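Coordinates in review
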Amino acid sequence: MDIIYFDNAATSWPKPDATLEAMNRYNEITGGSPGRSAHRLSIEAARIIFDTRESLVELFGITDSLRIVFTKNATEALNIAIFGLLKKGDHVITSGMEHNSVMRPLRAMEAGGIELSVIPCSERGEMDPQDIPPYIKKNTRAIFLTHASNVTGTIMPVAEVGKIAREKGIIFCVDAAQTAGAIPIDVEEMNIDLLAFTGHKSLLGPQGTGGLYIRKGLEKNIAPLCMGGTGSRSEWEEQPAFMPDKYESGTLNAIGIAGLGAGVRYILKEGIGEIRKKETALAGTFIDGIAAIDGIKLYGLDNAPGRTAVVSFNINGISPSEAALAFDEKFNIMERPGLHCAPLAHRTIGTFPGGTNRFSFGYFNRPDQIKTALEAIERIVTGL
Amino acid sequence: MTSARNYYVVLFHSVTHAIKAEKVLKEAGVAAKAIPVPRHISSDCGVCLRCVGSQKEKIEQTLFEKVDFSRIAHL
């Protein structure tokens, strides 16, 4: 029996062949330390990393590939944005649907003297952008907003919030961990100043890759989290102030970035519109299917277009962890139970502390797998 | 070998700048080779682009407003 992988919101799997081939090629042929040593293998490694930057800027509507900083994941990118930018006395706005990658650094900064406003969201995870202006104060420095909840998949009104932020001169940072590669992002149209993304989810790259887009000039106000060797200005004992070296100390994960570049080019080739269409269809079939089963509680919107392909639900009388074990052992379905590192979002939707079952679909899932999963849920509900 | 020809090197802030310039020049049909920054030239980063003297002006024009470079030095 084939494994049915419905945990793409945690890490996408499988990857396109091109991702694995690019990593193998890097390992077998390129190998060098990117740009450090200037021999041909080192320069080739630097070219591969640069090509990944170029592919990412094409996907996100960024004009200059030097604005991309590579990190190990979205969490590190968000930590750079939060700890590097905010200072004591700043006021920050965020939503009631954030992941701990945003909430934990913000709560730590709050203890250190920043002021934090959390905009309440609806039980379905929705945020009304018009709720934001009343919270804006003289010292409001930044808005941190997830592009889509990792619990309910609810897509946030990023473009509307971006417009408000730009008009008020507030820095707008978007956590695109759940959306980069799954739904279209244009940093110019959406007025995004900082975009944190991870490589191992919908960008179809390997774990250990991610990055932060920093709008031109903003790097002057963001301190690096980590300092060290950059391959540039080697005669200086001070960290360079220019992009991307300011934030890229130490040898990059070049083999991972080679794979990420191939993943992003796969998305550009397939078309993000096609990917979105297929994933929305899978989520739609699943949502309609569980609506017809008694004893299932669905969270988030009751339709697929307003969400990513992430669906949280609970089965009456069966805890998420019990259900997850049954899905795995009896039905070969890999899902994620519990709180999904987002306690605030679970408080918002009323599932704290029990959590939910989360099925998250990907581009390589098939309609017949949804059908099998719905049959499995019916059998769990009826105790068969 | 190099003394037989009139060479220049374009110096950059970072390796990323150098690789971007290499790509921009290649697309414009200008020949430039990525090499280690020669020891006697003060280094901004470890990689620079080498070109022949006749290409110097073309390179300046092509990189202008596209890729920041520190300076062009005679080799």
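Residues numbered from 1 in each chain as written. Chains lettered and ligands numbered in written order. Predicted model: local features only at pLDDT ≥ 70, side-chain atom pairs only at ≥ 80, totals over all residues. Heavy atoms only, no water.

It is worth spelling out the overall build of chain B at this point. Each helix and strand in chain B was counted, giving 2 helices and 4 strands. Ordering the α and β elements of chain B from the N terminus gives β-α-β-β-α-β. In terms of overall size, chain B behaves like a compact globule, its C-alpha atoms giving a radius of gyration of 11 Å where 75 residues would be expected to give roughly 11 Å. Considered along the principal axes of its C-alpha atoms, chain B spans approximately 30 × 25 × 15 Å. Considering chain B as a whole, with its 75 residues, one finds that 51% of them fall into the buried category. Just so you have it, chain B exposes about 4,100 Å², and 48% of that area is on carbon and sulfur atoms. (Helix = DSSP H or I, 4+ residues; strand = E, 2+ residues; numbered from the N terminus. Rg over C-alpha atoms; globule rule 2.2 N^0.38 Å. Buried < 20%, exposed > 50% of the residue type's maximum accessible area, 1.4 Å probe, protein only. Areas by Shrake-Rupley, 256 points an atom, 1.4 Å probe, with all protein chains shown as cover.)

Residue and element names in this part refer to chain A. The strand order across the open sheet built from 4 strands is S9-S10-S13-S12, with neighbouring strands paired in antiparallel fashion. Because the sheet does not close on itself, it has two edges, and the strands there are strand S9 (296–298) and strand S12 (336–338). Strand-to-strand, the axes of this sheet are offset by a mean angle of 30 degrees, without reference to chain direction. Pairing between S12 and strand S13 (residues 356–360): 3 bridges, direction antiparallel. Among the inter-strand pairings, proline 337 is bridged to a residue of S13, identified as asparagine 357. (Pairing = 2+ DSSP bridges. Axes fitted to C-alpha atoms, helices over the stretch in contact; angles between N-to-C directions.)

Another aspect to go through is the nonpolar core. Residues and elements named next belong to chain A. Counting residues in each nonpolar core, the largest one holds 53 residues, and the members touching the most others are Leu56, Phe60, Phe172, Ile192, Leu195 and Leu203. For this core, the two domains that each supply at least three residues are domain 1 (4–14 + 271–381) and domain 2 (17–270). Aside from chain neighbours lying at most four places away, what touches leucine 195 is Phe60, Val174, Ala176, Ile185, Val187, Gly211, Leu212 and Tyr213. The next biggest cluster of nonpolar side chains, apart from the first, holds 28 residues, and it includes Val102, Phe144, Cys173 and Leu194. (Core = buried A, V, L, I, M, F, W, Y, C linked by side-chain atoms within 4.5 Å. Domains from an automatic or database assignment. Contact = heavy atoms within 4.5 Å.)

The interface of chain B with chain A comprises 18 residues on the first partner and 20 residues on the second. Counting the surface lost from both chain B and chain A, the interface buries some 1,500 Å², and carbon and sulfur atoms represent 58% of this. Taken as a group, B:Thr16, B:Ile19 and B:Lys20 account for 32% of the area that chain B buries against chain A, more than any other trio of residues on that side. Applying the counting rule to chain B against chain A returns 3 salt bridges. We note a salt bridge from B:Glu22 to A:Arg47, for which the minimum N-O separation is 2.6 Å. Counting the contacts that link chain B with chain A gives 5 residue pairs in polar contact (both at pLDDT 80 or more). For the side of chain B that touches chain A, the leading source of residues is helix H1 (residues 15–27) of chain B, giving 7 residues. Here the residues of the side of chain B that touches chain A are counted per class, giving 7 nonpolar, 7 polar and 4 charged. (Buried area = accessible area lost by both parts, 1.4 Å probe. Salt bridge = Lys/Arg side-chain N within 4 Å of Asp/Glu carboxyl O. Polar contact = N/O pair within 3.5 Å; in protein donor to acceptor, adjacent residues only side chain to side chain. Nonpolar A, V, L, I, M, F, W, Y, C, P; charged D, E, K, R; others polar.)

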